[in-house]
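Residues per chain, in single letters:
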Amino acid sequence: MLYGAVRVVTTENVVHAALWLVVVLAGMGGLYILLQAEFVAVTQFMVYIGAIVVLILFGVMLTRTPGAEGVESNKKMVPIGIVTALLLFSVMAYSLIDSFGSDQVRPTAGNPTEELSDAIFSSYLLPFELVSVLLLAALIGAIVLARKE
């Protein structure tokens, strides 16, 4: 997963970056399976790999400009990106270690799938639906921009 994540941000081809993103998201689904969160793992595979990456690929392919093949990436920003990534990793690692220490992950007592579905379709229903409308608007916008007049 780490190699795939590095390849997502370092590859020159946008389509290859999306395919490396599939590797990273599949690895996350595998981690969810190891954590015994099967519902979240299946959702990871179906929604993120099955839908979001396809949406990204359609958006890239539909809005690709003809002269964009020769454009070089800005290599001056790589050191700033590395420093930012290391700083973010350090803050996240410190926060996790400070919050949880040596606590071990234990399975929950109830049915986690039922609790998750109750949370999504009760208190988080509005954000859930807003994200679906946003993704639909992005797809329609890509089609409108790529349409020949």
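In this text, all values refer to a predicted model and were calculated from it rather than measured experimentally.

**Overview of the overall build of the protein**
Then step 1. Helix and strand counts for the protein come out as six helices and zero strands.
Then step 2. For the protein, the N- to C-terminal ordering of α and β elements is α-α-α-α-α-α.
Then step 3. Burial analysis of the protein (149 residues in total) assigns 11% to the buried set.
Then step 4. Across the protein, every contact between residues at least 6 apart in sequence was considered, and the portion connecting residues at least 24 apart equals 53%.
Then step 5. On the protein, roughly 11800 Å² of surface is accessible, and the fraction owed to carbon and sulfur atoms is 72%.

**Looking at the packing of helix 3 (residues 38-62) against helix 6 (residues 125-146)**
Then step 1. Contact pair helix 3 / helix 6: the axes reach a minimum separation of 9 Å and the direction vectors enclose 20 degrees. With respect to their mutual orientation, helix 3 and helix 6 come out roughly parallel. Between helix 3 and helix 6 the crossing geometry is left-handed. Judged by residue contacts, Ile52, Leu55, Gly59 and Leu62 of helix 3 engage Leu135, Leu139, Ala142, Ile143 and Ala146 from helix 6.
Then step 2. Split into classes, the residues belonging to the contact of helix 3 with helix 6 amount to eight nonpolar, one polar and no charged.

**Remarks on the nonpolar core**
Inside soluble globular proteins, nonpolar side chains tend to come together where they are buried.
Then step 1. In terms of nonpolar packing, the biggest core is built from five residues, these being Ala18, Leu25, Ile49, Val53 and Leu57.
Then step 2. Mapped onto this core, the elements with two or more residues apiece are helix 2 (14-34) and helix 3.
Then step 3. The dominant element in this core, judged by the number of residues it contributes, is helix 3, at three residues.

**Describing the environment of Ile120**
Then step 1. Inspection of the secondary structure assignment puts Ile120 in helix 5 (residues 112-120).
Then step 2. Residue contacts for Ile120: discarding those within four places in its chain leaves Leu125 and Phe128.

**Comments concerning helix 4 (residues 78-100)**
Then step 1. Taking 1.5 Å per residue, 23 residues should reach 33 Å; helix 4 reaches 33 Å between its end C-alpha atoms and fits that length.
Then step 2. Following helix 4 by one or two positions, Gly101 has its phi on the positive side, about 60 degrees.

**Digging into the confidence of the model for the protein**
Then step 1. Looking at the protein, pLDDT values average 81 and 87% of them are 70 or higher.
Then step 2. When pLDDT is averaged over each helix and strand of the protein, the minimum, 75, is found for helix 5 and the maximum, 90, for helix 4.

**Here's the deal with helix 3**
Then step 1. For helix 3, spanning 25 residues, the distance from its first C-alpha to its last is 34 Å, which sits close to the expected 36 Å at 1.5 Å a residue.
Then step 2. The largest bend in helix 3 is about 25 degrees, located at Tyr48.
Then step 3. Listed in full, the buried residues belonging to helix 3 are Ala41, Gln44, Ile49, Val53, Leu55, Leu57, Gly59 and Val60.
Then step 4. Buried-residue contacts for helix 3 involve helix 2 and helix 6.

**Considerations on unusual backbone geometry**
Then step 1. Backbone geometry at Gln36 places phi at a positive 60 degrees, although glycine is not the residue there.
Then step 2. For Gln36, the location among the structural elements is in the loop between helix 2 and helix 3.

Reading the values: the criteria
- Residues numbered from 1 in each chain as written.
- Predicted model: local features only at pLDDT ≥ 70, side-chain atom pairs only at ≥ 80, totals over all residues.
- Heavy atoms only, no water.
- Helix = DSSP H or I, 4+ residues; strand = E, 2+ residues; numbered from the N terminus.
- Buried < 20%, exposed > 50% of the residue type's maximum accessible area, 1.4 Å probe, protein only.
- Contact = heavy atoms within 4.5 Å.
- Areas by Shrake-Rupley, 256 points an atom, 1.4 Å probe, with all protein chains shown as cover.
- Axes fitted to C-alpha atoms, helices over the stretch in contact; angles between N-to-C directions.
- Parallel < 35°, antiparallel > 145°, perpendicular 65-115°, else oblique.
- Left-handed = near helix turned anticlockwise from the far one by under 90°.
- Nonpolar A, V, L, I, M, F, W, Y, C, P; charged D, E, K, R; others polar.
- Core = buried A, V, L, I, M, F, W, Y, C linked by side-chain atoms within 4.5 Å.
- Expected span 1.5 Å × (residues − 1).
- pLDDT = per-residue confidence, 0-100.
- Bend = angle between axes of the 7 residues up to and from the residue.

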